[in-house]
Amino acid sequence: MEIFDLLMGGFAIALQPLNLGLIVFGCAVGLFIGAMPGLGSVNGVAILLPMTFLVPPTSAIIFLGAIYYGAMYGGAISSIMLGIPGASTAVATTFDGRPMALQGKADFALVAAATASFVGGSISIVLFTLFAPPLADVALAFGPPEEFALMILAFATFIGLGGDDIPKTFFSIFIGLVFSAVGLDIVSGQPRLIFFELPGFFHGVNFLVLAIGIYGIGEILWTMEVSKGNVVVSQANVTIRGIGKSLRALLKTTKTMLMGSFLGYFVGILPAAGATPGSLMAYGIAKATSKDSDSFGKGNVEGVVAPEAANNAASTGSMLPMLTLGIPGSPTTAILLGGMVIWGLEPGPLLFVEHKEFVWGLIASLYAANLFALLINIAFIPMFIWVLKMPFTILAPIIFILCIVGGYAPTNSMHDIWLMFIFGVVGYLMRKLDYPMAPAVLAIVLGPLAERSMRQSLIGSHGDMMTFFERPISGTIMVLGIVLLLLPLVKIVRRREAAT
Amino acid sequence: MRVAELVMALAMAVFSLYLMWKSAELPIGWIPEEGPGGGAFPFWLSVGMLVCCVVIVIRWFRRTSPLSRSTEPYMDARTVRIFALAAGSLFVMVASIHLIGVYGAIPLFLIFYMRYMGSHPWRLTGVLAVAMPVVTFFFFEIALKISLPKGKTEPLFYPLYDMFL
């Protein structure tokens, strides 16, 4: 009952005129960003986070949460209409969504994607509401060793489950953590890593500078390279009658939607996994368990609903560790977490005690955002198709400008603008060589907390590293982290055994 | 790709060594009663970066990673052109902010990008080149009360400050 009361309190906050307006606006902006090829929720949230300083923190997180949701819906639009995923989270949607569009069933595919996203979102929010408070209660007992163990687990999941090149993933984590250490030493207060004695480094490297550099400037450079320019936009004629017919047809896919929703939610909770692997796994399972698996890849609607339900569910799932443990479940939530620090909120279980209105306002807003994203998505499909036709030579400079002014706003420093430019260009050059960038963003956000908890633990234990293993919770988490770190090694050994 | 893989790994190895040297300006060992020194955390992480680079270089020589076997170019001519124009124009824009401020740099950047790279008509280019700085001014300066850099153009804004702030 307590959860119900808190949720109702959250709705009272989420449905205030300002917040409701921000939910609707955020969903529309998110849909727009998600629909653009190559851009996803992480880009939208990174670029627009500085714009939220105008409103209180609760309204800001509600707005960004709505962008996150909208972008998840929007990703399917370009996957289906262009055959180019709006974001990596919508890659799996392309497999069957595009063939459906080419067969003249674009309207059915779009309605299926929107409906599945709604189902995935709805189920995951209910699960989130039920799981978050008990998990936060457990986390309240955490001390520095447990916090540090959680950080290790978060980084280990990138190694064990991330699927990227292992040494390069490690490198990305390490460099992100080193950049988080720039500025003043947290214990002695002495200047540290002041490159070329530039005064701008005294206030550290703001995570937003790295995030906007990589996900704003770097991403646009990347998209300009990979987009060929000659894409064909399919036509879709969405009518009320057509929607009704599509919904009736979708009843047959209920099982697949439910599978995608639950799978996506639990995969989304894992720090390195998130919506992309969740949607790909859901697609794989839907294909493997379907009676008509041969038609997958040729326009089977189940191949659209499974990944779309999963990626929306995963986006909510990734917020669970962010709010309860202070560990982001995806790059987007890493940026949201960094935003919370800027707004003066300490991420973690204490939020549920000290800032109930913030947490429950956000949770309630997700219910509303899910509904509005569905309505806006279906109502404005023709507009989003028009958006897809917008030349990138108009969009790219606008985004570049948003990055520059948005990156300047939090720190009022030209030093940070130059740093952002360097991060964007170097990040793009490194990404071309398969260096994953998400671990670096996660690391720069978690770095200060990781260092603080490690040093506090070691001071408390007089330098005994066993302190991380002797306490039951931190020991269990550390062992889990080590298992994940060893997972790629096991895979290599098995592969070699199979080869011989 | 193969050459770029090696060059990047070596460049990052040098950067790691620089980070180790910078970190070692503070103590990197254990200080009695205080715990790990202020430089320990970044120093050992930089060591980790260096180890990763060494592994990447070893794989390159043994040709065991996909990129170390790749025969594809790192950037084809079209990509080099796009990258040089986009990153170059952005560089000039950021540099010009110091002199002519955000509100001078934005229109010039938009005009160059849309006219030269996009070949869009003057009317559309002009509308955006005017609208973008106006919207930026009202959003940041008036609504958010965040003053964006104006360089030498600062005095031109005094009447606007009097009018709106």
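### A look at the interface of chain B and chain A
Thinking step 1. In this assembly, 67 residues from chain B lie in contact with 66 residues from chain A.
Thinking step 2. The tally of links between chain B and chain A comes to three salt bridges.
Thinking step 3. Glu197 of chain A serves as the salt-bridge partner of Lys22 of chain B, at 3.3 Å between the closest nitrogen and oxygen.
Thinking step 4. Where chain B packs against chain A, one counts eleven residue pairs in polar contact (both at pLDDT 80 or more).
Thinking step 5. Elements represented by at least two residues in the side of chain B that touches chain A include exactly α1 (2-23), β2 (35-36), α2 (40-62), α4 (77-117) and α5 (122-143) of chain B.
Thinking step 6. Among the elements that line the side of chain B that touches chain A, the one with the most residues is α4 of chain B, at 20 residues.
Thinking step 7. Of the residues that constitute the side of chain B that touches chain A, the class distribution is 49 nonpolar, 13 polar and five charged.

### A word on the nonpolar core
Thinking step 1. Phe171, Leu323, Ile335, Met340, Phe400 and Tyr435 of chain A are the most contacted members of the largest nonpolar core, which has 220 residues in total.
Thinking step 2. Counting contributing residues, this core receives three or more from each of domain 1 (2-69) and domain 2 (77-164) of chain B.
Thinking step 3. Counting residues in each nonpolar core, the second largest holds seven residues, with Ala282, Tyr283, Phe296 and Ala310 of chain A among its members.

### Remarks on the domain arrangement of chain B
Thinking step 1. Structurally, chain B comprises domain 1 (2-69) and domain 2 (77-164).
Thinking step 2. On a C-alpha basis, the centres of domain 1 of chain B and domain 2 of chain B stand 39 Å from each other.

### Brief notes about unusual backbone geometry
Thinking step 1. Of note, Phe196 of chain A is a non-glycine position whose phi angle comes to about 50 degrees, a positive value.
Thinking step 2. Here Phe196 of chain A is to be found in the loop between β2 (191-192) and α9 (207-226).
Thinking step 3. Within the chain, Ser119 of chain B stands out as a residue other than glycine whose phi angle is a positive 50 degrees.
Thinking step 4. With respect to the helices and strands, the residue Ser119 of chain B is situated in the loop between α4 and α5.
Thinking step 5. Taking the relative accessible area as the measure of exposure, Ser119 of chain B reaches 58% and is therefore exposed.

### Some thoughts on the packing of helix α8 (residues 166-180) of chain A against α2 of chain B
Thinking step 1. The interhelical angle for the contact between α8 of chain A and α2 of chain B, taken along N-to-C directions, is 155 degrees, at an axis separation of 9 Å. Judged on the interaxial angle alone, α2 of chain B and α8 of chain A are roughly antiparallel. Of the two elements, α8 of chain A crosses α2 of chain B, and the hand of that crossing is left-handed. Along its contact with α8 of chain A, which presents Pro167, Lys168, Phe170, Phe171, Phe174, Ile175, Leu177, Val178 and Ser180 of chain A, the element α2 of chain B presents Phe41, Pro42, Leu45, Ser46, Gly48, Met49, Cys52, Cys53, Val55, Ile56 and Arg59 of chain B.

### Considerations on the packing of aromatic side chains
Thinking step 1. Scanning all chains against the criterion turns up 34 aromatic pairs over all chains.
Thinking step 2. With 5.6 Å between their ring centres and 50 degrees between their planes, Phe11 of chain A and Tyr367 of chain A make a pair best called tilted. A residue pair is termed long-range when its members are at least 10 positions apart, and Phe11 of chain A in helix α1 (residues 2-14) and Tyr367 of chain A in helix α17 (residues 356-379) qualify at 356 residues.
Thinking step 3. With relative accessibility at 24%, the residue Tyr367 of chain A sits in the partly exposed group.
Thinking step 4. For the pair Phe400 of chain A and Phe109 of chain B, a centre-to-centre distance of 6.3 Å together with 65 degrees between the ring planes defines the contact as edge-to-face. Of this pair, Phe400 of chain A sits in helix α19 (residues 392-408) while Phe109 of chain B sits in helix α4, which puts the two residues in different chains.

### Details of the layout of surface pockets
Thinking step 1. The volume enclosed by the second largest pocket comes to roughly 850 Å³.
Thinking step 2. Lining the second largest pocket are 34 residues; nearest its centre among them are Phe25, Val29, Leu48, Met51 and Leu402 of chain A.
Thinking step 3. Among the elements of the structure, α2 (17-35), α3 (41-48), α18 (381-388) and α19 of chain A together with α5 of chain B are those that each provide at least two residues to the lining of the second largest pocket.
Thinking step 4. Among the residues making up the lining of the second largest pocket, the classes are represented as 30 nonpolar, four polar and no charged.

### Side note on the environment of Gly48 of chain B
All names here are of chain B.
Thinking step 1. Note on placement: Gly48 falls in helix α2.
Thinking step 2. Residue class for Gly48 comes out buried when judged on its relative accessible area of 12%.
Thinking step 3. With 32 residues separating them along the chain, Gly48 and Val80 place their C-alpha atoms 32 Å apart.

### Considerations on the side chain of Glu141 of chain B
Residue and element names in this part refer to chain B.
Thinking step 1. As for its placement among the helices and strands, Glu141 is situated in helix α5.
Thinking step 2. Of the polar contacts made by the side chain of Glu141, one reaches the backbone nitrogen of Leu148; its length is 2.9 Å.
Thinking step 3. What Glu141 contacts, discounting residues up to four positions off in sequence, is Tyr103, Thr136, Ile146, Ser147, Leu148, Lys150, Tyr161 and Leu165.

Rules used in this analysis
Residues numbered from 1 in each chain as written. Chains lettered and ligands numbered in written order. Predicted model: local features only at pLDDT ≥ 70, side-chain atom pairs only at ≥ 80, totals over all residues. Heavy atoms only, no water. Contact = heavy atoms within 4.5 Å. Salt bridge = Lys/Arg side-chain N within 4 Å of Asp/Glu carboxyl O. Polar contact = N/O pair within 3.5 Å; in protein donor to acceptor, adjacent residues only side chain to side chain. Helix = DSSP H or I, 4+ residues; strand = E, 2+ residues; numbered from the N terminus. Nonpolar A, V, L, I, M, F, W, Y, C, P; charged D, E, K, R; others polar. Core = buried A, V, L, I, M, F, W, Y, C linked by side-chain atoms within 4.5 Å. Buried < 20%, exposed > 50% of the residue type's maximum accessible area, 1.4 Å probe, protein only. Domains from an automatic or database assignment. Axes fitted to C-alpha atoms, helices over the stretch in contact; angles between N-to-C directions. Parallel < 35°, antiparallel > 145°, perpendicular 65-115°, else oblique. Left-handed = near helix turned anticlockwise from the far one by under 90°. Phe/Tyr/Trp six-rings, centres within 6.5 Å; stacked < 30°, edge-to-face > 60°. 1 Å grid on protein atoms, 1.4 Å probe; cavity = no way out; pocket = protein on both sides within 12 Å on 5 of 7 lines; lining within 4 Å. Points joined across faces, edges and corners; volume = space filled by probe spheres on them.

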